[in-house]
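What the coordinates show
Okay, here's what each chain looks like letter by letter:
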Amino acid sequence: MRVLITGGYGFIGAWIIRNLLARGDAVWVFDLREDHRRLRLILPETEVAKVHFIPGDVTDLAALTTALAQHQITHVIHLAGLQVPTCRADPLLGAKVNVLGTLAVFEAVKAAGPQVQRLVYASSAAVFGSPDKYPATAYPWPLADDVPLLPSTHYGVFKCCNEGNARIYFQDFGLSSVGLRPWTVYGVGRDLGMTSEPTKAIKAALLGRPYHIHFGGWTDFQYADDVAKTFIYALERPYTGARSYNLRGAVTTLQQFHALLCEVLPEAEQLITFGSTQIAIAYDLADDALQRDLGPMPRTPLRDGIRETVAIFRQLLQEGRLDTADLEAPRPAPVVVAEP
């Protein structure tokens, strides 16, 4: 495959690139600026050098169209977007990047015709409302992909818009696409976003530093390597349509995450704390449709994912390459509701 990834220098993009290069695929990253920082955390320099960079703004349709044609791209993964805090602070900018940028990607893929064989894009579990919006008397849990979408943030609303537009592109032009809805993705390189704090807590515990996770309650922990492989499988397996799919990892509480972290790093018992409020997104989501249509998909047990994350962080520490800037950066409060 010849794969173009918008926003590919982000956290999930880095893990996707790691997996694509391991398979022997060719990778181009379409992004505002070249930034190998996260790639270098999980790849040797010889592999990083294989990634081709295309400077560009995801809202620039002409630049996207040229990139697809010039490099004979056969598959596209669209990750570029602004996260919850930015969309909350500047909804106009959030809509420009997250909605108009996604439309530009679809338009470029449409213009490329059969050359581009598949488009996979990042939606989000943030399309769902808070857990109290889905009473068990009306909605069997885990929640299916097609329950009402009741997002509590601009970011979630923008993702709903993208899913709707994807459906129309298939309806009107036969352009197939797959939308994927990650939840709390963790692993080396996760340094931004509302649900990055569990990863930061793992790093802090390894360093012997105290760290408080602001939220609590339940969430769905999804290991970065699993999510990356899911994007790639959605890219290459036979599919026709324009559906958005839930991802599912380890649905559990922050208390259980803390307990497992303490099993791997006993010092976390005294160093890591967590809050008591529930993030305002339904957390128990079924991935039956994804497994049926595009599976099987990987699902790393939470303890194993924590252990692998610690191992990579420890290696980086031994090499003097473990960055702590994300532990010291200001943290915007997540959107939360009272714990159910």
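The paragraphs below set out a description of the structure included in this document. The written sequence of each chain sets the order in which its residues are numbered from 1. Note on the predicted model: pLDDT of at least 70 is required for a residue's local features to be given, and 80 or more for side-chain atom pairs to be given and counted; whole-chain, interface and lining totals, by contrast, use all residues. Side-chain numbers here rest on the full set of heavy atoms in the structure, without hydrogens or water.

Digging into the sheet that holds strand S11 (residues 250-253)
- Note on pairing: two strands pair once DSSP finds at least 2 bridges between them. In DSSP terms, a helix is any run of H or I states spanning at least four residues, a strand is any run of E spanning at least two, and both are numbered starting from the N terminus. The sheet built from three strands is open, its strands ordered S7-S9-S11 with mixed pairing. A single partner strand is all that each edge strand has here, and the edge strands are strand S7 (184-186) and S11. Each strand of the sheet is rotated relative to its neighbour by a mean of 40°, with strand direction disregarded.
- Note: strand S9 (residues 218-223) against S11, four bridges, orientation antiparallel. What sits directly across from Asp 220, in S11, is Val 251.
- Lying over the sheet, helix H10 (residues 254-264) contacts S9 and S11, oriented at roughly 100° with respect to S11. Interaxial angle, 0 to 180 degrees, is taken between N-to-C directions of lines fitted to C-alpha atoms, where a helix line uses only the stretch in contact. We call two residues contacting when some pair of their heavy atoms lies within 4.5 Å.

Section: the sheet that holds strand S4 (residues 75-78)
- The sheet built from seven strands is open, its strands ordered S3-S2-S1-S4-S5-S6-S10 with parallel pairing. The sheet is open, and its two borders are formed by strand S3 (52-55) and strand S10 (242-246), each paired with just one other strand. Ignoring strand direction, the axes of neighbouring strands in this sheet form an average angle of 20°.
- With four bridges joining them, strand S1 (residues 2-6) and S4 adopt parallel strand pairing. What sits directly across from Ile 5, in S4, is Ile 77.

Some remarks on the pattern of salt bridges
- Any Lys or Arg side-chain nitrogen found within 4 Å of a carboxyl oxygen on Asp or Glu counts as a salt bridge. One pass over the full model with this rule turns up 18 salt bridges.
- Two residues, Lys 50 and Glu 47, come together in a salt bridge whose shortest N-O distance is 2.6 Å.
- Taking the relative accessible area as the measure of exposure, Lys 50 reaches 43% and is therefore partly exposed.
- For every residue, the accessible area (1.4 Å probe, protein chains only) is compared with the maximum for its type, and the residue is labelled buried under 20%, exposed over 50%, or partly exposed between those bounds. By relative accessible area, Glu 47 is classed as buried at 16%.
- Between Glu 107 and Lys 110 there is a salt bridge, and its shortest N-O distance comes to 3.4 Å.

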